[in-house]
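# Observations on the three-dimensional arrangement
This is what each chain is made of:
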Amino acid sequence: MITGLLAAGVLALAPGATSNAREAPPEQAETAMPDLAAHVAPELGHFAVTNWVLSGPGEMAVLHFTVETGRALGGEGVRTIWRDAADGAFFGELTRVLDSDTGEVVQHWYAAARGEWSVTRQTVRFEPDGHGSAFSGEDGYGAFDARTRTTYNADGSYGWTIERRYPGTDWFLIDRGEAVPLAE
């Protein structure tokens, strides 16, 4: 369950997947989608991550990772590689691209423990201090709504929260993370 929730959490804040993003024809250049990497520039680099993930009712597991984030897919997207901080084992990969037709961020997450890809599409609000999104999904507990918020800090770190609600429930936190830059 932790890995599943982490995958969902990481998706709020995965190569090989095909993107709908494409270069705008010259006559449409003024209305082309903005560069995703420019919007998430504070997330590019090498970070130590502490991640609190819902592991049961009222229980949070604390996980530690190193993440490396950079441009991908010919500059059209952003790729993050997640590794276990203790032993460097590959944990997963997140690749994000902007869909120029819908304006949504399409996220592909590869969970190494399960050997599975998952995909979400999110409407993202970019702001000077971060970004937020909303999306819907379904898991073993049923259909849910989710919302995310990533905030950039003046010291070069960033943090995120992911909340969910199922029909008949209030919003509750499923994932919170803090990323601190690592010296290269």
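Residues numbered from 1 in each chain as written. Predicted model: local features only at pLDDT ≥ 70, side-chain atom pairs only at ≥ 80, totals over all residues. Heavy atoms only, no water.

## Thoughts on the overall build of the protein
- Within the protein, the regular secondary structure consists of 2 helices and 10 strands.
- Listed by position from the N terminus, the elements making up the protein come as α-α-β-β-β-β-β-β-β-β-β-β.
- Looking at the protein as a whole, 39% of its 184 residues qualify as buried.
- Put simply, the protein shows about 9300 Å² of open surface, and 53% of that area lies on carbon and sulfur atoms. (Helix = DSSP H or I, 4+ residues; strand = E, 2+ residues; numbered from the N terminus. Buried < 20%, exposed > 50% of the residue type's maximum accessible area, 1.4 Å probe, protein only. Areas by Shrake-Rupley, 256 points an atom, 1.4 Å probe, with all protein chains shown as cover.)

## Thoughts on unusual backbone geometry
- Not every positive phi belongs to a glycine, and Leu 73 is a case in point at roughly 55°.
- With respect to the helices and strands, the residue Leu 73 is situated in the loop between β2 (59–72) and β3 (77–84).
- Classification of Leu 73 by relative accessible area gives partly exposed; the value is 35%.

## Some points on the nonpolar core
- Grouped together as the largest cluster of nonpolar side chains are 23 residues, with contacts concentrated most on Val 49, Val 67, Trp 82 and Tyr 158.
- Mapped onto this core, the elements with two or more residues apiece are α2 (36–39), β1 (45–56), β2, β3, β4 (90–98), β5 (105–111), β9 (158–165) and β10 (172–181).
- Non-local contacts of Tyr 158, meaning those with residues more than four positions away in its chain, are made with Pro 42, Glu 43, Phe 47, Val 67, Thr 150, Thr 151, Tyr 152, Asn 153, Gly 177, Glu 178 and Ala 179. (Core = buried A, V, L, I, M, F, W, Y, C linked by side-chain atoms within 4.5 Å. Contact = heavy atoms within 4.5 Å.)

## As for the pairing of strand β6 (residues 116–127)
- Across 7 bridges, the pairing between β5 and β6 is antiparallel. Pairing of Tyr 110 across the sheet is with Trp 117, part of β6.
- In sequence, β5 turns back onto β6 through a hairpin of 4 residues, with Gly 115 there showing a positive phi of about 65°.
- When β6 meets strand β7 (residues 130–139), the two strands line up antiparallel, connected through 5 bridges. Its bridge partner being in β7, Phe 126 is matched across the sheet by His 131.
- Joining the antiparallel neighbours β6 and β7 is a turn of 2 residues. (Pairing = 2+ DSSP bridges.)

## Things to note about the sheet that holds β10
- Spatial ordering of the closed barrel is given by β1-β2-β3-β4-β5-β6-β7-β8-β9-β10, a layout of 10 strands whose pairing is antiparallel. Taking each pair of neighbouring strands and ignoring which way they run, the sheet shows an average axis angle of 25°.
- Pairing between β9 and β10: 7 bridges, direction antiparallel. Note on β10: the bridge partner recorded for Ile 162 is Asp 175. (Axes fitted to C-alpha atoms, helices over the stretch in contact; angles between N-to-C directions.)

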